[in-house]
Amino acid sequence: MAKILVTEKLADSGLEAMRAAGHEVDVQLEWTKETLLDIIKGKDALVVRSATKVTEEVLQAGKDLKVVGRAGVGLDNVDTKAATALGVMVVNAPESNIISAAEHAIALLLSQARNIPQAHGALVQGRWERSKWEGVEIFGKTIGIVGLGRIGGLVAQRLSGFGVKLVGYDPYISEERAKKYSIELLPLEELVKVADFITIHLPKTKETAGLFNKELFAKAKTGIRIVNAARGGIIDEEALAEAIREGKVAGAALDVFSSEPPTDSPLLELPSVVVTPHLGASTGEAQDKAGEQIAEQIILALAGDFVPYAVNISAKSISEPAKPYLAVAEQLGRFIAGLFDRLPNQLEVEYQGLLAGEEVSMLTLSVLKGVFASATEEPVSYVNAPQLAEEHGLEIREIQSPTAKDRVSLITVRAGNHEVAATLGSDKMPRIVSVDGHSIEVPPAPFMLVVRNNDKPGMIGIVGTILGNADISIRNMAVGQTAGGETALMVLSTEQPIAEQLIEAIRKEKGILEVHQITS
Ligand code: NAD
Ligand code: MLT
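Note that the structure is a prediction, hence the values are computed from the model and not measured.

Draft legend 1. Structural context of the overall build of the protein chain. The helix and strand tally for the protein chain stands at 17 helices and 22 strands. Over its C-alpha trace the protein chain gives a radius of gyration of 30 Å, far above what one expects of a compact globule, namely 24 Å for 520 residues. By its C-alpha atoms, the protein chain is 105 × 45 × 35 Å across when sized along the principal axes. Residues counted as buried form 51% of the 520 residues belonging to the protein chain. Long-range pairs, those at least 24 residues apart, make up 64% of the contacts in the protein chain with a sequence separation of at least 6. When the accessible surface of the protein chain is split by element, carbon and sulfur atoms take 51% of a total near 24,100 Å².

Structure below.
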């Protein structure tokens, strides 16, 4: 059972799913920057929306954190770089609210074009202001979509029914994607010259912060109108207010602000500006989907499974046949690392049989997780394992070959002069099947002793007597020989770790060639 902290309102269905998976869910909606550093202690997972700033300080305070879940799209409130360095997985729910956000952008655009909120406000106060709130049609107009990802694409699809011309700016998408939505791609400076409306669907990054600024407004078509339901700070609010006052920009519709709630934004005083309080994702449908999707990702992450929406792991997918081998791969990493005092700088992972031809990068990541989990004191996860490999100068080579002698599938890890192979047993649990050329059949266990010796009678007795005299019970034992019978190898699982002096005593016995302890 893991402890999950939820710091913002999350759909009940999401909370229920996490509880049903056996986790303790602590919903704390009242907190300050300071108290957050305290309530995060001892939690394995944190679930937030956009108000909680998951800074490096918060991540450092959450020493037990394994995963941060963002119940929504934007990750600008999560320090993903710091999370990666600390081995904390970051997941989001990227598909959950995109329809709601796209519909909200269109609602804002039409509200701005027809002054709906202003006219509504006047009428409910008793003023029938028909001529004051004359608007503009969007039919026949040019609409610029800036950012043609998931939401930008949905907005384009929905606008195509209005008889508008679509232009777009997004240097990271293909011509094919633009063509699919009948969008003419233009550089941003060209787009602002021809567009009557612009709708922004960018993430907030270093590149996009302040992208819509004084200089850009100066180049824009006079009378342009701007919609932003993406992120505050992409527009320089002072510059936009000035451009509206000057008549360069005819108006704006904004769901997001550089500081939320906006207390002194000059835009709030302008009659041609329509605003909503970050409502893009505020529909029952989007909140249910965000809660359920994030709960699903958190449950997978806590179980150590592959997490499809993890944003800071290098392997982006795993094929169905490869999935059950995640634990095998991790155990192999742990086993091979235990055979060395100091890790060599090259590691080879071979996938044979059914696994050849599958998407296995996630399995290699799992091997690395196992390697570093036993080789370092730092918390190791799928997230920081590649970074640790880089820091330790460990090069990884992947090989795939269709044949696997006598096995459906086999994973073999080689480093220095050691080689360990494992597969899934008929009980679907990992089995080590070969160690340094000795055939053996042993399930991985928390404490294992690997002893290689000359293949002669009495060796098992020697090891058994030393352990027995020290009151160490052996839970499981397997013995294997090399094909030529030169040496033998025993793998013993014990109830508890074995003290270094006992290991030394075994090493000193005649006929013992090497002894390694492998712990989890
Ligand atoms: P996405 O990642 O699918 O799309 C973003 C697009 O922006 C991508 O195509 C990318 O290539 C493009 N892009 C990135 N950097 C760029 C740059 N410097 N110049 C031009 N294009 C660039 O994201 P999405 O799911 O479509 O979300 C878009 C935005 O909407 C995000 O900021 C998200 O946080 C926000 N959002 C807001 C609400 C809300 O409640 N108002 C709801 C959901 C999402
Ligand atoms: C998002 O990025 O998903 C939205 O801004 C919605 C939210 O923060 O809840």
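Draft legend 2. Fine view of the site of ligand 1. Near ligand 1, the surroundings consist of 27 residues, among which Arg150, Ile151, Asp170, Leu202 and Glu207 are the closest. A distance of 3.4 Å is found between an oxygen atom of ligand 1 and a side-chain nitrogen or oxygen belonging to Arg231. When contributions to the shell around ligand 1 are tallied by element, the ones reaching two or more residues are helix H5 (98-114) and helix H7 (150-159).

Draft legend 3. Quick look at helix H13 (residues 326-338). Helix length check: H13, at 13 residues, gives a terminal C-alpha distance of 19 Å against a target of 18 Å (1.5 Å per residue), a fit within 8%. With ten of its 13 residues buried, H13 lies for the most part within the structure. For H13, the full list of buried residues reads Leu326, Val328, Ala329, Leu332, Gly333, Arg334, Phe335, Ile336, Ala337 and Gly338.

Draft legend 4. View of the domain arrangement of the protein chain. Along its sequence, the protein chain is carved into domain 1 (3-94 + 285-303), domain 2 (98-275), domain 3 (313-435) and domain 4 (437-520). Between domain 2 and domain 3, the C-alpha centre-to-centre distance is 50 Å.

Draft legend 5. Spatial organisation of the packing of aromatic side chains. Taken as a whole and judged by the stated rule, the model has zero aromatic pairs. Sitting above the plane of the Tyr382 ring, Lys369 keeps its charged end 4.5 Å from the centroid.

Draft legend 6. Geometry of the site of ligand 2. Around ligand 2, the surrounding shell consists of Arg49, Ser50, Arg70, Gly72, Val73, Gly74, Asn97, Arg231, His278 and Ala281. Measuring from an oxygen atom of ligand 2, one finds a side-chain N or O atom of His278 at 2.6 Å. Relative to its free-state accessible area of 270 Å², ligand 2 is covered by the protein chains to the extent of 91%. For the shell around ligand 2, the class distribution of residues is two nonpolar, five polar and three charged.

Draft legend 7. Region of the structure containing the sheet that holds strand S6 (residues 142-146). Read across the open sheet, the seven strands follow the order S8-S7-S6-S9-S10-S11-S12; overall the sheet is parallel. A strand with exactly one partner marks an edge of an open sheet, and here the two such strands are strand S8 (183-185) and strand S12 (273-275). Within this sheet the neighbouring strands show an average axis-to-axis angle of 20 degrees, counted without direction. For strand S10 (residues 224-228) and strand S11 (residues 249-254), the ladder comprises five bridges, and the chain directions are parallel. Across the sheet, residue Ile226 finds its bridge partner in S11, namely Ala252.

Draft legend 8. Region of the structure containing the pairing of strand S18 (residues 438-442). Burial along S18 is one-sided: His438, Ile440 and Val442 are buried, and none of Ser439 and Glu441, which face the opposite way, are. By the bridge criterion, three bridges tie strand S17 (residues 430-435) to S18 in an arrangement that is antiparallel. When the bridges of S18 are listed, Ile432 appears paired with Val442. Between S17 and S18, which pair antiparallel in sequence order, lie two residues; one of them, Asp436, sits at a positive phi of approximately 50 degrees.

Draft legend 9. Representation of the sheet that holds strand S3 (residues 45-48) within the structure. The parallel open sheet is built from five strands, whose spatial order is S2-S1-S3-S4-S5. With one partner strand each, in any of the chains shown, strand S2 (24-27) and strand S5 (89-92) form the two edges of the open sheet. Geometrically, the sheet is characterised by an average inter-axis angle of 20 degrees between neighbouring strands, direction not taken into account. Of the pairings in the sheet, the one linking strand S4 (residues 67-70) to S5 comprises four bridges and is parallel in character. Note on S5: the bridge partner recorded for Val67 is Met89.

Draft legend 10. Molecular detail of the pattern of salt bridges. For the coordinates displayed, the defined rule picks out 23 salt bridges. The partner of Asp26 in a salt bridge is Lys43, with the nearest N and O atoms 3.6 Å apart. Pair noted here: Asp26 is in strand S2 and Lys43 is in the loop between helix H2 (33-39) and S3, with a separation of 17 residues, a long-range link. The exposure class of Asp26 is partly exposed, given its relative accessible area of 23%. Assessed through its relative accessible area of 10%, Lys43 is described here as buried. Ionic pairing is found between Glu129 and Arg127, a salt bridge with its closest N-O pair at 2.6 Å. Where salt bridges share partners, they join Glu348, Glu350, Arg397, Arg414 and Glu419 into one cluster.

Rules used in this analysis
- Residues numbered from 1 in each chain as written.
- Chains lettered and ligands numbered in written order.
- Predicted model: local features only at pLDDT ≥ 70, side-chain atom pairs only at ≥ 80, totals over all residues.
- Heavy atoms only, no water.
- Helix = DSSP H or I, 4+ residues; strand = E, 2+ residues; numbered from the N terminus.
- Rg over C-alpha atoms; globule rule 2.2 N^0.38 Å.
- Buried < 20%, exposed > 50% of the residue type's maximum accessible area, 1.4 Å probe, protein only.
- Contact = heavy atoms within 4.5 Å.
- Areas by Shrake-Rupley, 256 points an atom, 1.4 Å probe, with all protein chains shown as cover.
- Near = heavy atom within 4 Å.
- Polar contact = N/O pair within 3.5 Å; in protein donor to acceptor, adjacent residues only side chain to side chain.
- Expected span 1.5 Å × (residues − 1).
- Domains from an automatic or database assignment.
- Phe/Tyr/Trp six-rings, centres within 6.5 Å; stacked < 30°, edge-to-face > 60°.
- Lys NZ or Arg CZ within 6 Å of the ring centre and 35° of its normal.
- Nonpolar A, V, L, I, M, F, W, Y, C, P; charged D, E, K, R; others polar.
- Pairing = 2+ DSSP bridges.
- Axes fitted to C-alpha atoms, helices over the stretch in contact; angles between N-to-C directions.
- Salt bridge = Lys/Arg side-chain N within 4 Å of Asp/Glu carboxyl O.

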